[in-house]
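# Examination of the molecular architecture
Listed here are the chains, written in short residue letters.
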Amino acid sequence: MMVTQLLFAVFLFTLLGMAYVKGYDVVKRHSPQHLVHFYLIMATVRMLIVATAVAIYVLLIAKSRDDAIRFALIIIIMYVVMMAVTLKLRH
């Protein structure tokens, strides 16, 4: 089950990262004065998507408490890394 959790997390953060990079490039090209707004909106959207994914897994999919905690820790660690990389690369 750990491999499935990890693959899902990698897939989720890959999609979120690609959406951020593509959106950043579009906003920077067409309306650079709105980059701050884009960053704040994307940060909120990412947080909500990640929280929703964790809630769905914990409430509907997890077979045990340890399974739920393990998944939540994987997601939290990857979220922190994603935020650090985003700030480092784009600011």
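What counts and how
Residues numbered from 1 in each chain as written. Predicted model: local features only at pLDDT ≥ 70, side-chain atom pairs only at ≥ 80, totals over all residues. Heavy atoms only, no water. Phe/Tyr/Trp six-rings, centres within 6.5 Å; stacked < 30°, edge-to-face > 60°. Helix = DSSP H or I, 4+ residues; strand = E, 2+ residues; numbered from the N terminus. Buried < 20%, exposed > 50% of the residue type's maximum accessible area, 1.4 Å probe, protein only. Lys NZ or Arg CZ within 6 Å of the ring centre and 35° of its normal. Core = buried A, V, L, I, M, F, W, Y, C linked by side-chain atoms within 4.5 Å. Contact = heavy atoms within 4.5 Å. Salt bridge = Lys/Arg side-chain N within 4 Å of Asp/Glu carboxyl O. Lys, Arg positive; Asp, Glu negative; His and termini not counted. Patch = residues over 30% accessible without salt bridge, like charges linked within 9 Å, V, L, I, M, F, W, Y side chains within 5 Å. Areas by Shrake-Rupley, 256 points an atom, 1.4 Å probe, with all protein chains shown as cover.

### A closer look at the packing of aromatic side chains
For the structure on display, the rule yields 5 aromatic pairs. Residues Tyr20 and Phe38 carry aromatic rings whose centres are separated by 5.6 Å and whose planes lie at 25° to one another, so their mutual orientation is stacked. Here Phe38 lies in helix H2 (residues 35-61) and Tyr20 lies in helix H1 (residues 2-30), a separation of 18 residues in the sequence. Each member of the pair, Tyr20 as well as Phe38, is classed as buried. Looking at Arg46, its charged tip hangs above the ring of Tyr20, at a distance of 4.9 Å from the centre.

### Examining the nonpolar core
If you look at the biggest cluster of nonpolar residues, it comprises 22 residues, and the most contacted ones within it are Leu12, Phe13, Val50 and Ile75. Elements with a contribution of two residues or more to this core: H1, H2 and helix H3 (65-90). At 8 residues, H2 tops the list of elements feeding residues into this core. Residues contacting Ile75, with those up to four places away along its chain left out, are Ala9, Leu12, Phe13, Val50 and Val54.

### Observations concerning the pattern of salt bridges
In the structure shown here, the tally under the stated rule is 1 salt bridge. For Asp67, the salt bridge identified is with Arg70, shortest N-O distance 3.4 Å. Of this pair, Asp67 and Arg70 both sit in helix H3, 3 residues apart, roughly one helical turn. Asp67 sits in the buried class, given a relative accessible area of 5%. Note on Arg70: relative accessible area 32%, which makes it partly exposed.

### With respect to the side chain of Arg46
Along the polypeptide, Arg46 turns up in helix H2. Lacking a salt bridge, the buried Arg46 has Asp25 as its closest oppositely charged neighbour, with an N-O distance of 13 Å. Those residues in contact with Arg46 that sit more than four places away from it in its chain are Leu16, Tyr20, Tyr39, Tyr79, Met82, Met83 and Thr86.

### A closer look at a nonpolar patch on the surface
A surface patch of nonpolar side chains, amounting to about 550 Å² of accessible area, comprises Ile69, Leu73, Ile77, Val81, Val85 and Leu89. Structurally, the position occupied by Val85 is in helix H3. The class of Val85 is partly exposed, set by a relative accessible area of 40%.

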